[in-house]
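So you can see what is in the structure, the chains are spelled out below.
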Amino acid sequence: FPCRATIRMAELAKERYIPVVICMQCPPDFMASVGVPQSEWQRALELADLIISGRDGYYQMTGENDYINGVKKTYEKYLPQYGCICTAGSDGSLWVTADDVIRAKAYSVQAVDSTGAGDAFLGALLYSYFQMAESKQASIDFACAVGAMKCTLWGPRIKVSPDEVKVFMAKY
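Predicted, not measured: the structure shown is a model, and the values here were computed from it.

Here we look at the overall build of the chain
For the chain, the count of helices and strands is 8 helices and 5 strands. Reading the chain from its N terminus to its C terminus gives the helix and strand order α-β-α-α-β-α-α-β-β-β-α-α-α. Against the 2.2 N^0.38 benchmark of 16 Å for 172 residues, the chain shows a C-alpha radius of gyration of 16 Å, consistent with a compact globule. When its C-alpha atoms are laid out on the principal axes, the chain stretches across 45 × 35 × 30 Å. Every one of the 172 residues in the chain was classed for burial, and the buried ones make up 44%. Put simply, 63% of the contacts in the chain that link residues at least 6 apart link residues at least 24 apart. Total accessible area on the chain is roughly 9,400 Å²; 51% of this is exposed by carbon and sulfur atoms. Distance between charge centres in the chain, computed from 17 positive and 19 negative side chains, equals 3 Å.

Have a look at this one:
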């Protein structure tokens, strides 16, 4: 959890006009327990163009019991260019921007192992939105599908093609 390295890399990316995505996979209480000062992770969020966290992360960052309000409050505090995304398990995901709250459904699958599902979600989101220039709605839907697909497999990784994801999405 090297926040200083994250901050420096984010500063360098900003200088080069590269979008900075900060994924708060570990909520603030965990960060504190391993010695990361609040000022460091807050600085990283100040540099973010896109912030991603789970419900607990947004709750701990804002004190809001309703995660949707927590995401909105985080967006209003940091104003990341591309918004804030919350992965919310069985509630799906949402993407808050200045203009919209975009929701994506959770896929009901027979889960065998959720290890790596968040990483799969993040990778799919970045691929769909930044590489393929899909809309926010299409990108978050795609990411939720890949995360759900990952949960149907043992182990921390998944390798699927965009066509395989589209077939999966069509089933639901």
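Brief notes about the packing of aromatic side chains
Considering all chains together, one arrives at 8 aromatic pairs under this definition. Between Tyr82 and Phe130, the aromatic rings sit 5.2 Å apart at their centres with planes inclined by 90°, giving edge-to-face as the arrangement. Of the two residues, Tyr82 sits in the loop between α5 (67–78) and β3 (83–87) while Phe130 sits in helix α6 (residues 117–131), which places them 48 residues apart along the sequence. Tyr82 sits in the buried class, given a relative accessible area of 17%. A relative accessible area of 32% means that Phe130 is categorised as partly exposed. Centre to centre, the rings of Tyr107 and Phe168 are 5.2 Å apart; their planes meet at 50°, and the pair counts as tilted. In this pair, Tyr107 sits in the loop between β5 (101–104) and α6 while Phe168 sits in helix α8 (residues 162–171), placing the two residues 61 residues apart along the sequence.

Focus on the sheet that holds β3
What the 5 strands build is an open sheet, ordered β1-β2-β3-β4-β5; its pairing is mixed. With partners counted over all chains shown, the strands left at the sheet margins are β1 (21–24) and β5, one partner each. Each strand axis lies, on average, 15° off the axis of its neighbour in the sheet, ignoring direction. Examined bridge by bridge, strand β4 (residues 93–96) and β5 share 4 bridges and lie antiparallel to one another. Within the sheet, the bridge partner assigned to Leu94 lies in β5 and is Arg103. Sheet strands in contact with α5 are β2 (50–54), β3, β4 and β5, and its direction is about 155° off that of β3.

Some remarks on the packing of helix α7 (residues 136–151) against α8
For the pair α7 and α8, interaxial distance at closest approach is 10 Å and the crossing angle is 90°. In terms of their interaxial angle, α7 and α8 are classed as roughly perpendicular. Counting all contacts with α7, which are made through Asp141, Phe142, Ala145, Val146, Ala148 and Met149, the residues of α8 involved are Pro162, Glu164, Val165, Phe168 and Met169. Here the residues of the contact of α7 with α8 are counted per class, giving 9 nonpolar, no polar and 2 charged.

Calculation rules
Along each chain, residue indices are assigned from 1 in the same order as the chain's sequence is written. At least 70 in pLDDT is required for a residue's local features to be given in this predicted model, at least 80 for side-chain atom pairs to be given and counted, and no such filter applies to totals for whole chains, interfaces and linings, which use all residues. With hydrogens and water stripped out, all remaining heavy atoms of the structure feed into the side-chain values. Strands are runs of DSSP state E lasting at least 2 residues, helices are runs of H or I lasting at least 4, and numbering of each runs from the N terminus. Radius of gyration: C-alpha atoms only; globule rule: 2.2 Å multiplied by the number of residues to the exponent 0.38. A 1.4 Å probe rolled over the protein chains alone gives each residue an accessible area, and that area as a share of the maximum for its type sets the label: buried under 20%, exposed over 50%, partly exposed in between. Working rule for contacts: check all heavy atoms of both residues, and any pair within 4.5 Å makes them a contact. The protein chains shown are the only cover counted for residues, whose accessible areas, like all others here, come from Shrake-Rupley with a 1.4 Å probe. We count Lys and Arg on the positive side and Asp and Glu on the negative side, and we leave His and both chain ends out. Every charge is mapped to an atom, namely NZ of Lys, CZ of Arg, CG of Asp or CD of Glu. Any Phe, Tyr or Trp ring, taking Trp's six-membered ring, that has another such ring centre within 6.5 Å forms a pair; planes under 30 degrees apart are called stacked, those over 60 apart edge-to-face, and the others tilted. For two strands to count as paired, DSSP must find a minimum of two bridges between them. To get an axis, fit a line to the C-alpha atoms, keeping to the stretch in contact for a helix; angles then go from 0 to 180 degrees between the N-to-C directions. In what follows, roughly perpendicular refers to angles from 65 to 115 degrees, roughly parallel to angles under 35, roughly antiparallel to angles over 145, and oblique to any angle outside these ranges. All amino acids are sorted into three groups, where Ala, Val, Leu, Ile, Met, Phe, Trp, Tyr, Cys and Pro are nonpolar, Asp, Glu, Lys and Arg are charged, and the leftover types, Gly among them, are polar.

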